[in-house]
Amino acid sequence: MVPRVPLPPEIQLAQRLAGNEQVIRDRAVKKLRKYIVARTQRAAGGFTHDELLKVWKGLFYCMWMQDKPLLQEELGRTISQLIHAFQTTEAQHLFLQTFWQTMNREWTGIDRLRLDKFYMLMRMVLSESLKALKTQGWQERQIEQLLELLTTEILHPDSQAPSGVKSHFLEIFLEELSKVGAAELTADQNLKFIDPFCTIAARTQDSLVLHNITRGIFEAIVEQAPFAIEDLMNELDAPEEEGVSEDDERGQDVLSGEPGSLPGAACDRNEAPPGDGEDSVGPVLQFDYEAVASRLFAVASQQGTPSQNRKRLYKVIRKLQDLAEGLFPEDDVPEKAYRNLQEEGQERRTKKRPKSRSQKQPGKGRKEDSRPDPSSGSERRMRRQQGSGTEPTGPQGQLGGPGGRGARKKRRRLRAGARVKVAGCQELQTKRRPLQSQK
């Protein structure tokens, strides 16, 4: 009798991962994590490409068999965190590569009732891959390798990725990058993260990919620009506030011995962190808009760029150039930035009023009297405007309150201080690096 040859461990684990009973599947996931740690710690250890494809096929059907929503989320988190069990960067990248290859191969067989769980799994795996970069200190070489892997397996014209995988990846990439690295990444690093999308957008022949890149990456940057500028202004104002708070704390320490003082009163002011109001949109990446526009123009103006791609990218470039100059659509101005604009307009009006009065002093001649004739049509129009409660649309009324926020003026110019702060984005971002290294 011929002895039975045992199956390789990867196949055994894959069979248990795709089992019918949840208890067996849960045990298989735990054993898989231990097996990955033990094998990648060896000097001659590691996995081959085919072995990880078998492992991922088992993990795919392990997710397929899980029907309860809460358990799906827990299982997706457990599966995505397996990347941290690999001890080398090369093994992690191979694990990610085989994951995306598995999703591309199995995507057409997923029914619509199971799509949401695999959308969630893709988001979690992408998030954990970015967290792996974060733990390694956002090394430039590691960033380039990850972007090359994602471009090759998902966005490249020769990849086997279906349209659903490409669309969902482009929809979640910038969002997950913001959640993981918004507090640490500099404007130059963020430009490197979106550089592959600039190249693909200029070369692709797929109109759907061009639309998704433009909408999910570049127009998302434009839409988030007002909030990014607001966050930047808050960070630039933070040192002054910190200095004042230290003085206040010293004064409260001196007064703490007086009768009637509340020792915990000082803590109430810091309970609500800044940026958690209604206008808060979560973490936002900082970009050098002029650099992004220059990079897009460099690839869009090449001779081999299709005309429809060039036309679509030129529209985005104009928006980015406006942002670099401190201009953005009025509807996108956050409440804090609009208050600054409104206060600045009121200051300008109060400065102009003494001049207008001095020009109307008697003795200067009748020609300087610009008052309209009561019988003229302009006077009647002014009376109608005053009677209806509307303000005249003169130069002074365009920035004076909500009445000046109509369709007549579609753009607002940031105050000079804000433009200086936007231009100093890179200087602020570089200041974060030493703080990160100290951690």
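What counts, and at which threshold
Residues numbered from 1 in each chain as written. Predicted model: local features only at pLDDT ≥ 70, side-chain atom pairs only at ≥ 80, totals over all residues. Heavy atoms only, no water. Phe/Tyr/Trp six-rings, centres within 6.5 Å; stacked < 30°, edge-to-face > 60°. Helix = DSSP H or I, 4+ residues; strand = E, 2+ residues; numbered from the N terminus. Buried < 20%, exposed > 50% of the residue type's maximum accessible area, 1.4 Å probe, protein only. 1 Å grid on protein atoms, 1.4 Å probe; cavity = no way out; pocket = protein on both sides within 12 Å on 5 of 7 lines; lining within 4 Å. Points joined across faces, edges and corners; volume = space filled by probe spheres on them. Nonpolar A, V, L, I, M, F, W, Y, C, P; charged D, E, K, R; others polar. Core = buried A, V, L, I, M, F, W, Y, C linked by side-chain atoms within 4.5 Å. Contact = heavy atoms within 4.5 Å. Salt bridge = Lys/Arg side-chain N within 4 Å of Asp/Glu carboxyl O. Axes fitted to C-alpha atoms, helices over the stretch in contact; angles between N-to-C directions. Parallel < 35°, antiparallel > 145°, perpendicular 65-115°, else oblique. Left-handed = near helix turned anticlockwise from the far one by under 90°. Polar contact = N/O pair within 3.5 Å; in protein donor to acceptor, adjacent residues only side chain to side chain. pLDDT = per-residue confidence, 0-100.

**Things to note about the packing of aromatic side chains**
Thought 1: Here the structure, examined in full by the defined rule, presents 18 aromatic pairs.
Thought 2: Aromatic pair tryptophan 56 and phenylalanine 95: ring centres 4.8 Å apart, planes at 35 degrees, arrangement tilted. Of this pair, tryptophan 56 sits in helix 3 (residues 49-65) while phenylalanine 95 sits in helix 5 (residues 89-106), placing them 39 residues apart in sequence. Phenylalanine 95 shares its class with tryptophan 56; the two are buried.
Thought 3: With 5.6 Å between their ring centres and 50 degrees between their planes, phenylalanine 169 and phenylalanine 173 make a pair best called tilted. Taken together, the positions of phenylalanine 169 and phenylalanine 173, both in helix 8 (residues 163-181) and 4 residues apart, correspond to about one turn of that helix.
Thought 4: Judged by relative accessible area, phenylalanine 169 falls into the buried class, the value being 1%.
Thought 5: Aromatic rings pair up to connect Tyr35, Phe47, Trp56, Phe86, Phe95, Phe99, Trp100, Phe169, Phe173 and Phe197 into one cluster.

**Here's the deal with empty space enclosed by the protein**
Thought 1: Tallied over the entire structure, the rule returns 4 cavities of 30 Å³ or more.
Thought 2: In this model, the largest cavity occupies a volume close to 60 Å³.
Thought 3: If you go around the largest cavity, the residues you meet are Ile83, Thr89, Gln92, His93, Leu96, Ser129, Ala132, Leu133, Gln136, Gln142 and Leu146.
Thought 4: Residue assignment for the lining of the largest cavity shows that the elements contributing at least two residues are helix 5, helix 6 (115-135) and helix 7 (140-155).
Thought 5: Looking at the lining of the largest cavity, the element that brings in the most residues is helix 5, giving 4 residues.
Thought 6: The residue inventory of the lining of the largest cavity, partitioned by class, reads 5 nonpolar, 6 polar and no charged.

**Regarding the nonpolar core**
Thought 1: If you look at the biggest cluster of nonpolar residues, it comprises 88 residues, and the most contacted ones within it are Phe169, Phe173, Phe193, Phe197 and Phe218.
Thought 2: Among the elements that line this core, the one with the most residues is helix 10 (residues 207-255), at 11 residues.
Thought 3: Setting aside its immediate chain neighbours within four residues, phenylalanine 197 contacts Leu155, Phe169, Leu170, Phe173, Ile213, Ile217 and Phe218.

**Thoughts on the pattern of salt bridges**
Thought 1: With the rule as written, the count across this model stands at 16 salt bridges.
Thought 2: One salt bridge connects lysine 131 with glutamate 128, and the closest N-O pair in it is separated by 3.6 Å. Within this pair, lysine 131 and its partner glutamate 128 are both found in helix 6, separated by 3 residues, close to a single helical turn.
Thought 3: In this structure, glutamate 175 and lysine 179 form a salt bridge, with 3.5 Å as the shortest nitrogen-oxygen distance. Here glutamate 175 pairs with lysine 179, and both are found in helix 8, just 4 residues apart, close to one helical turn.
Thought 4: Residue lysine 179 is classed as exposed on the basis of its relative accessible area of 51%.

**Some details on the packing of helix 6 against helix 8**
Thought 1: Here helix 6 crosses helix 8 at 40 degrees, and the two axes come no closer than 9 Å. What the angle tells us is that helix 6 and helix 8 run oblique. Here helix 6 runs over helix 8; the crossing is right-handed. Counting all contacts with helix 6, which are made through Tyr119, Met122, Arg123, Leu126, Ser127, Leu130, Lys131 and Lys134, the residues of helix 8 involved are Gly164, Val165, His168, Phe169, Ile172, Phe173, Glu175, Glu176, Leu177, Lys179 and Val180.
Thought 2: Of the residues contributing to the contact of helix 6 with helix 8, the split by class is 10 nonpolar, 3 polar and 6 charged.

**Overview of unusual backbone geometry**
Negative phi is the rule for most residues except glycine; trans is the rule for most peptide bonds.
Thought 1: Of note in the backbone geometry, tryptophan 138 takes a positive phi value of approximately 55 degrees without being a glycine.
Thought 2: As for its position among the elements, tryptophan 138 is in the loop between helix 6 and helix 7.

**Regarding the side chain of glutamine 72**
Thought 1: With respect to the helices and strands, the residue glutamine 72 is situated in helix 4 (residues 69-80).
Thought 2: In terms of polar contacts, glutamine 72 uses its side chain to reach the backbone carbonyl oxygen of glutamine 66, at 3.1 Å.
Thought 3: The contacts of glutamine 72, once residues within four sequence positions are left out, are Met63, Gln66, Asp67, Lys117 and Met120.

**What to know about the confidence of the model for the chain**
Thought 1: With 61% of its residues at a pLDDT of 70 or more, the chain shows a mean pLDDT of 75.
Thought 2: Looking at the elements of the chain, mean pLDDT is at its lowest for strand 2 (residues 411-413), recorded as 42, and at its highest for helix 6, recorded as 96.
Thought 3: When the criterion is pLDDT under 50, residues 241-279 qualifies, and its contacts beyond four places in sequence or with other chains add up to 9 contacts.
Thought 4: Across residues 354-439, confidence stays below pLDDT 50; counting only partners more than four residues off in sequence or on other chains, it has 102 contacts.

**Structural notes on the packing of helix 9 (residues 187-203) against helix 11 (residues 289-300)**
Thought 1: Orientation of helix 9 relative to helix 11, taken along the N-to-C sense of each, is 30 degrees, at an axis distance of 9 Å. Considered as vectors, helix 9 and helix 11 are oriented roughly parallel to each other. As helix 9 packs across helix 11, the resulting crossing turns out to be right-handed. Facing Leu191, Ile194, Asp195, Cys198, Thr199 and Ala202 of helix 9, the residues of helix 11 in contact are Ala291, Val292, Arg295, Leu296, Val299 and Ala300.
Thought 2: Residues belonging to the contact of helix 9 with helix 11 are distributed by class as follows: 9 nonpolar, 1 polar and 2 charged.

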